Amino acid sequence: MATLTLSGVYKRYPNGFEAVSDLDLDVADGEFMVLVGPSGCGKTTALRMVAGLEDVTEGTIEVGGRVVNDLSPRDRDMAMVFQNYALYPHMTVAENIGFSLSLKKMPKAELRRKVEEAAEILGLSEHLDRKPAQLSGGQRQRVAMGRAIVRSPAAFLMDEPLSNLDAKLRVHMRAEVARIQRRLGVATLYVTHDQVEAMTMGDRVAVMRTGRLQQCAPPREVYQFPANLFVAAFIGSPPMNLYQGELDAQGTTVKLGEQILDLPAELRDERLSGPYRGKPVVVGIRPEELGDAAIASADGGRRRLEGTVDLVEELGSEKLVHFHIDAARLSATDALLASEDEEPETLSAGEIGAATATAGVARVGATSRITADARVTFTVDIDRMHLFDPESGSSLRAAATATAA
């Protein structure tokens, strides 16, 4: 067992493109670390540098305190699981799992024992004599994991291993992968573009954008206290509602269009809101922080928003209400997918276009009677409302949390 450490890691290609910039990341012994971000953000490049499949331009990679920059992939004592399984079709499950051990000329009895132990962990004991073509997608992925497990590596590296599975099987397999990793207790670096996958599987989540690490923290912290606009827009389904707003001169309320909301008590601190008083800010409200005022109450003060409903999605246990208010809503979709050669480290409001065709989303209870085209009032949980600097994209709430710590 070992720790995995990346210190000041860069990857530059001959054409000058910088795929990874100044990446610092520590994966503790036994920790499940998920590296997540949109396509082209550098997460797979980072994983390939750890595996030894890409050279490191600057910085160091350590496994168990040993620098491995100049070691070949097979000398790094790490096992990698790919998204395409990479199984040998002419070999049985047992032969695929034990292939790396057979190359080392391990005695047959010991090899068989290790293969059977791995198969038991993975629920493949009854399939050892089958060929990959006779297995389901989930079973083939477990065989690929078995090939990694049987080596007893210092660390696991997983590159979107569930991306080829259908939606239902992915939900099942992400729980299986997390269960197996916890049973083995091996440091694991897992790459995915799926933020739901990242949030449900990782002990910690490292969010990347254009080669730079944006935030690394436990899933709940990343969700509740996003470090900047990019993390706020990327993490969450449905995503956070983002609006152009303006603080009052006293820093006690924020204006959205013609409507006014009280500011959370912690954000009234002069050290946090002082520079923004009387100036524009970006206001973030998650869908679950909006409630149907007809069946929920709000305390005194300005804690309500009025809007017009565009669409109601019935999900059985809840409803998603798509609506619009008289304030400019921001959409980060284009910015999240952007892949310009040079981009700022954080996402600013200047990169986000006003989205006149998209509505905000509220997540309300199944008993709500809100209907399309209705004029409705939402309660707002202002204590969980977010404010962002419109220029740097940094979060005032995250700053407040850091100050309190």
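The sections below set out a description of the structure shown in this document. (Residues numbered from 1 in each chain as written. Predicted model: local features only at pLDDT ≥ 70, side-chain atom pairs only at ≥ 80, totals over all residues. Heavy atoms only, no water.)

1. Points about the overall build of the protein chain
Then, in step 1: A tally of regular secondary structure across the protein chain gives 12 helices and 22 strands.
Then, in step 2: For the C-alpha atoms alone, the extent of the protein chain along its principal axes is close to 75 × 45 × 40 Å.
Then, in step 3: Evaluated residue by residue, the protein chain yields a buried proportion of 53% over its 405 residues.
Then, in step 4: For the protein chain, long-range pairs separated by at least 24 residues make up 72% of all intrachain contacts whose partners lie at least 6 apart in sequence. (Helix = DSSP H or I, 4+ residues; strand = E, 2+ residues; numbered from the N terminus. Buried < 20%, exposed > 50% of the residue type's maximum accessible area, 1.4 Å probe, protein only. Contact = heavy atoms within 4.5 Å.)

2. Regarding the pairing of strand S4 (residues 58-63)
Then, in step 1: Note that strand S1 (residues 4-12) and S4 share 5 bridges and pair antiparallel. Across the sheet, the residue bridging to Leu-6 is Ile-61, located in S4.
Then, in step 2: As paired elements, S4 and strand S5 (residues 66-67) share 2 bridges and run antiparallel to each other. Pairing of Glu-62 across the sheet is with Val-67, part of S5.
Then, in step 3: The hairpin formed by S4 and S5 contains 2 residues between the paired strands, and Gly-64 there has a positive phi angle of roughly 60°. (Pairing = 2+ DSSP bridges.)

3. Re helix H1 (residues 43-51)
Then, in step 1: Along H1, 7 of the 9 residues are buried, which leaves the element largely enclosed by surrounding structure.
Then, in step 2: Those residues of H1 that fall on the buried side of the exposure criterion are Lys-43, Thr-45, Ala-46, Leu-47, Met-49, Val-50 and Ala-51.
Then, in step 3: Count one or two residues on from H1 and you reach Gly-52, which has phi positive near 90°.

4. With respect to the pattern of salt bridges
Then, in step 1: Under the definition given, this model contains 19 salt bridges.
Then, in step 2: The salt bridge partner of Asp-203 is Arg-182, with a shortest N-O separation of 3.0 Å. Here Asp-203 is found in the loop between helix H7 (195-201) and strand S9 (204-209), whereas its partner Arg-182 is found in helix H6 (residues 167-184), with 21 residues between them in sequence.
Then, in step 3: With a closest N to O distance of 3.8 Å, Arg-375 and Glu-306 form a salt bridge. Placement of the pair is Arg-375 in strand S21 (residues 375-380) and Glu-306 in strand S16 (residues 304-314), with a sequence separation of 69 residues.
Then, in step 4: The exposure class assigned to Arg-375 is exposed, which follows from its relative accessible area of 55%.
Then, in step 5: Of the residues examined, Glu-306 reaches a relative accessible area of 40% and is grouped as partly exposed.
Then, in step 6: Look at the salt bridges and you will find they share partners, linking Lys-11, Arg-48 and Glu-54 into a network. (Salt bridge = Lys/Arg side-chain N within 4 Å of Asp/Glu carboxyl O.)

5. Considering the packing of aromatic side chains
Then, in step 1: Applying the stated criterion across every chain, the model contains 4 aromatic pairs.
Then, in step 2: With a centroid separation of 4.9 Å and 55° between ring planes, the pair formed by Tyr-88 and Phe-99 is classed as tilted. Here Tyr-88, found in the loop between strand S6 (78-81) and helix H2 (93-97), pairs with Phe-99, found in helix H3 (residues 99-103); they are 11 residues apart in sequence, far enough to count as distant.
Then, in step 3: With relative accessibility at 33%, the residue Tyr-88 sits in the partly exposed group.
Then, in step 4: An angle of 45° between the planes, with centres 4.7 Å apart, marks the rings of Phe-323 and Phe-378 as tilted. On the criterion of sequence distance, the pair formed by Phe-323 in strand S17 (residues 318-324) and Phe-378 in strand S21 is long-range, its members being 55 residues apart. Across the pair, exposure class does not vary: Phe-323 and Phe-378 are buried alike.
Then, in step 5: Lying over the aromatic face of Tyr-13, Lys-11 brings its terminal NZ or CZ to 5.0 Å of the ring centre.
Then, in step 6: The positively charged end of Arg-286 is found above the aromatic ring belonging to Tyr-223, 3.9 Å away from the centroid. (Phe/Tyr/Trp six-rings, centres within 6.5 Å; stacked < 30°, edge-to-face > 60°. Lys NZ or Arg CZ within 6 Å of the ring centre and 35° of its normal.)

6. Focus: the sheet that holds S1
Then, in step 1: One open sheet accounts for 4 strands, arranged S2-S1-S4-S5; its pairing is antiparallel. Both edges of this open sheet fall to strand S2 (18-27) and S5, since each of them pairs with a single strand only.
Then, in step 2: Contacting S1, S2 and S4, H1 crosses the sheet at an angle of about 115° to S1. (Axes fitted to C-alpha atoms, helices over the stretch in contact; angles between N-to-C directions.)

7. Focus: the sheet that holds S16
Then, in step 1: Pairing in this open sheet of 5 strands is antiparallel, and the strands run S15-S21-S16-S17-S20 from one edge to the other. Every other strand in the sheet has two partners, leaving strand S15 (290-292) and strand S20 (360-365) as the edge strands with one partner each. Recorded for the sheet is a direction-independent mean angle of 50° between the axes of neighbouring strands.
Then, in step 2: Sheet topology note: the S15/S21 ladder contains 3 bridges and is antiparallel. Bridge assignment links Leu-290 to a residue of S21, and that residue is Val-380.

8. Regarding the side chain of Gln-139
Then, in step 1: When you line up the elements, Gln-139 lands in helix H5 (residues 137-149).
Then, in step 2: Setting aside chain neighbours within four positions, we find Gln-139 in contact with Leu-124 and His-127.

9. Here we look at the pairing of strand S14 (residues 280-285)
Then, in step 1: Of all 6 residues in S14, 5 are buried; the element is thus mostly enclosed.
Then, in step 2: Judged from the 6 bridges that link them, strand S11 (residues 241-247) and S14 form a sheet pairing that is antiparallel. Note on S14: the bridge partner recorded for Leu-242 is Gly-284.
Then, in step 3: Relative to strand S22 (residues 386-388), S14 runs antiparallel, the two being bridged by 3 bridges. Paired with Gly-284 across the strands is His-386, a residue of S22.

10. Here we look at empty space enclosed by the protein
Then, in step 1: Overall, the coordinates contain 2 cavities of 30 Å³ or more when judged by the stated rule.
Then, in step 2: Approximately 50 Å³ is the volume attributed to the second largest cavity.
Then, in step 3: Lining the second largest cavity are Met-145, Ala-148, Ile-149, Phe-156, Met-158, Val-177, Ile-180, Gln-181 and Leu-184.
Then, in step 4: Elements that contribute at least two residues to the lining of the second largest cavity include exactly H5, strand S7 (155-159) and H6.
Then, in step 5: Among the elements that line the lining of the second largest cavity, the one with the most residues is H6, at 4 residues. (1 Å grid on protein atoms, 1.4 Å probe; cavity = no way out; pocket = protein on both sides within 12 Å on 5 of 7 lines; lining within 4 Å. Points joined across faces, edges and corners; volume = space filled by probe spheres on them.)

Limitation: the analysis is restricted to geometry and does not speak to function.
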